[in-house]
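Listed below, chain by chain, are the residues.
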Amino acid sequence: MHPIERLRYVARASGADQPLLVRETALALAAFHDDAAGLVAACRRVIERHPTSAPLWWLCARVLTAPDGQQEAWRAVEEIEADPTARLLAHDLPDEGTVCVVGWPEVVTEALLRRGDVAVLAIDSAGEAGGLVRRLDLAGLDAHDAPASGLGGAVALADLVLLEAVALGPDGFVAVSGSLAAAAVARHLEVPVWVVAGTGRRLPERMWRAGRGRLEGTPGEPWLQDEEVVPLSLLDRVCGPEGGGAPGEAMVGTDCPVAPELTGGGSAPGTYRI
């Protein structure tokens, strides 16, 4: 595939898992090794099409701020593909408990498959819960899907609500629609709420504000969007590559630099290379 066509594919892709998007983006950006201005434009194009994908913000920021962007891109690919979050989460899940999830969270699903001894209630979001339940059934897990109208009942039956962040910031996280309602109901019912934020999903405040602003500025009614922002105040625990911790510790260890070119404060590039 021609590098420019690969970039177009990445920019248009939806529904792909985050590690694949990061790998494909790194391959596309490699075409701009001798074109600093083109590299910034390419990064901006990817971000415009995936404004809430923290791993793509993370990758592009690292590429734009590193002395050797090409090596940095492949380090990022290796890190996200070796993400230990699912393994650590699987270890922390309650024995033989019932967990409630929303949609089809990729890192959470990997953790559930590693454990195999938990029951799963999957609340539908964007029509994905049925597919998740079939996948878990094939692995021998006790899994059931629930429509959005049954969210309250599903949360009430759960020992734990597990949500997954596509982006995590200092005061909230972006997740599939239905996550905010699940977290709020769980907090009212005193059911613990954990958010899972794997490698590349934690953004420093300036990058978080830029991504969140693009989500909140999306045309259309908020209740019809596929993603929403959930405040950290509704959480009991944040689970990431270093294990679990309190929400106030969520940003400890983030390795995403601030790239002004992606947040609207950058000038014409002169030294960045990939």
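Check the entry above for the structure.
From a predicted model like this one, the values you see are computed outputs, not experimental measurements. (Residues numbered from 1 in each chain as written. Predicted model: local features only at pLDDT ≥ 70, side-chain atom pairs only at ≥ 80, totals over all residues. Heavy atoms only, no water.)

What follows deals with the overall build of the chain. Per the secondary structure count, the chain includes 12 helices and 10 strands. Going through the 274 residues of the chain one by one, you find that 51% of them count as buried. Total accessible area computed for the chain in this model is approximately 12,000 Å², and 51% of it derives from carbon and sulfur atoms. (Helix = DSSP H or I, 4+ residues; strand = E, 2+ residues; numbered from the N terminus. Buried < 20%, exposed > 50% of the residue type's maximum accessible area, 1.4 Å probe, protein only. Areas by Shrake-Rupley, 256 points an atom, 1.4 Å probe, with all protein chains shown as cover.)

Structurally, the position occupied by Glu164 is in strand β4 (residues 160-164). Polar contacts involving the side chain of Glu164 include one to the main-chain amide nitrogen of Val108, which spans 2.9 Å. Side-chain polar atoms of Glu164 contact the side chain of Arg201, separated by 3.2 Å. Every residue in contact with Glu164, bar those within four places of it in the chain, is listed here: Pro105, Glu106, Val107, Val108, Val174, Ala175, Val195, Val196 and Arg201. (Polar contact = N/O pair within 3.5 Å; in protein donor to acceptor, adjacent residues only side chain to side chain. Contact = heavy atoms within 4.5 Å.)

Attention now moves to the packing of aromatic side chains. Under the counting rule described, the total for this entry stands at zero aromatic pairs. If you follow Arg237 out to its NZ or CZ, it ends over the ring of Trp194, 5.1 Å from the centre. (Phe/Tyr/Trp six-rings, centres within 6.5 Å; stacked < 30°, edge-to-face > 60°. Lys NZ or Arg CZ within 6 Å of the ring centre and 35° of its normal.)

With that out of the way, let us pick up the packing of helix α6 (residues 85-92) against helix α7 (residues 106-115). Between α6 and α7, whose axes approach to 8 Å, the crossing angle comes to 50°. By the angle between their directions, the pair α6 and α7 is classed as oblique. Judged by the sense of rotation from one axis to the other, the crossing of α6 with α7 is right-handed. Residues Thr85, Ala86, Arg87, Leu89, Ala90 and His91 of α6 lie in contact with α7, whose contacting residues are Val107, Val108, Glu110, Ala111, Arg114 and Arg115. In the contact of α6 with α7, the residues fall into six nonpolar, two polar and four charged. (Axes fitted to C-alpha atoms, helices over the stretch in contact; angles between N-to-C directions. Parallel < 35°, antiparallel > 145°, perpendicular 65-115°, else oblique. Left-handed = near helix turned anticlockwise from the far one by under 90°. Nonpolar A, V, L, I, M, F, W, Y, C, P; charged D, E, K, R; others polar.)

Evaluation of the coordinates by the stated rule reveals 15 salt bridges. Between Arg201 and Glu106 there is a salt bridge whose closest N-O contact spans 3.1 Å. In this pair, Arg201 sits in the loop between β7 (193-196) and α11 (205-216) while Glu106 sits in helix α7, placing the two residues 95 residues apart along the sequence. You can call Arg201 buried: its relative accessible area is 5%. By relative accessible area, which is 29% here, Glu106 ends up partly exposed. Within the structure, one salt-bridge network assembled from shared partners comprises Arg62, Glu72, Arg75 and Glu79. (Salt bridge = Lys/Arg side-chain N within 4 Å of Asp/Glu carboxyl O.)

So far we have only geometry, and geometry alone does not tell us how the molecule works.
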